Amino acid sequence: MQYLKKEIRDRILAAAVEEFKENGYANASIRNIANNAEISLGNIYRYFSNKEALYFAVINPFMESVKQGIERDFIFTDKSMKEVSEVLISFLMQYSDELLIIRKGNSVHYETFIDYITGVISAKIKEMMEGSFPEIDKKIKNPDFYNAIAEGFLNSLFKILRNEDSTETQERNARELITFYFGHMKDRFYHFDLE
């Protein structure tokens, strides 16, 4: 009986991360993963039964680490918008590869995960509005308002992460986006004064 080696499994997973990041799940090639891991194609199937099993072996730890990062880092109580922005940018840069692979997967797991992240961001935006701009929060009647903002923001962030720009450029672009979405909040709701 042959034993599976951790070092070979780790090489397969590292090659799979790059392949899924570059091509997404649908277009990823097991042959490319084998070549990049410097093992035979048949040897991959000793470790993973199929492409889907390999993909889940890659994304499940990613999704768990991103969830833990969100729960650990997304504590915005008593923080300024600038401090919140820096937490978000740091988080995005730390998990940019993971978020990109999950997004490119286009699987049921992706939808569930995006719903989770959207819910967290939506709750944090509401929490921030209630704390910083209670007069505006009380005037918002649309029950989907915070969720819609979170979805738009998240989609925009994914566009930034998808580009091949340098980390510095991605960070700058994320700051611009955060400023657009969340800067000068009182000015954005001036029309409520007309009611």
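Going by the structure above, here's the rest.
The structure displayed is predicted, hence computed values, not measured ones. (Residues numbered from 1 in each chain as written. Predicted model: local features only at pLDDT ≥ 70, side-chain atom pairs only at ≥ 80, totals over all residues. Heavy atoms only, no water.)

## Looking at helix α2 (residues 30–37)
Here is step 1 of the chain: Among the residues of α2, those classed as buried are Ile 30, Ile 33, Ala 34 and Ala 37. All buried residues of α2 project into a common sector of 100° when viewed along the axis, lining one side. In this structure, α2 carries Arg 31, Asn 35 and Asn 36 as exposed residues pointing more than 90 degrees from its buried face.
Here is step 2 of the chain: Directly beyond the C-terminal end of α2, a positive phi value near 60° is found at Glu 38. (Buried < 20%, exposed > 50% of the residue type's maximum accessible area, 1.4 Å probe, protein only. Helix = DSSP H or I, 4+ residues; strand = E, 2+ residues; numbered from the N terminus. Arc of directions from axis to C-beta.)

## Focus on the nonpolar core
Here is step 1 of the chain: The biggest cluster of nonpolar side chains holds 58 residues, and the ones touching the most others in it are Ile 12, Phe 20, Ile 33, Leu 54, Val 58, Leu 99 and Phe 153.
Here is step 2 of the chain: In this view, Ile 12 contacts Ile 33, Ala 37, Ile 39, Ile 44, Tyr 47, Phe 48 and Leu 54; residues no more than four positions away in its chain are not counted. (Core = buried A, V, L, I, M, F, W, Y, C linked by side-chain atoms within 4.5 Å. Contact = heavy atoms within 4.5 Å.)

## Structural notes on the packing of helix α6 (residues 96–105) against helix α7 (residues 108–132)
Here is step 1 of the chain: Axis separation between α6 and α7 bottoms out at 8 Å; the angle between their running directions is 130°. Between α6 and α7, the angle is such that the two are oblique. Each of Leu 99, Ile 102 and Arg 103 in α6 lies in contact with α7, whose residues at this interface are Tyr 110, Phe 113 and Ile 117.
Here is step 2 of the chain: For the contact of α6 with α7, the class distribution of residues is five nonpolar, no polar and one charged. (Axes fitted to C-alpha atoms, helices over the stretch in contact; angles between N-to-C directions. Parallel < 35°, antiparallel > 145°, perpendicular 65-115°, else oblique. Nonpolar A, V, L, I, M, F, W, Y, C, P; charged D, E, K, R; others polar.)

## Some details on the packing of aromatic side chains
Here is step 1 of the chain: On inspection of all chains with the given rule, the structure shows seven aromatic pairs.
Here is step 2 of the chain: Judged by centre distance (5.1 Å) and plane angle (85°), the rings of Phe 145 and Tyr 146 are edge-to-face.
Here is step 3 of the chain: Three or more aromatic residues joined by ring pairs make a cluster, and in this case those are Phe 20, Tyr 25, Tyr 55 and Phe 56.
Here is step 4 of the chain: Over the face of the ring belonging to Tyr 25 we find Lys 51, whose NZ or CZ atom lies 4.8 Å from the ring centre. (Phe/Tyr/Trp six-rings, centres within 6.5 Å; stacked < 30°, edge-to-face > 60°. Lys NZ or Arg CZ within 6 Å of the ring centre and 35° of its normal.)

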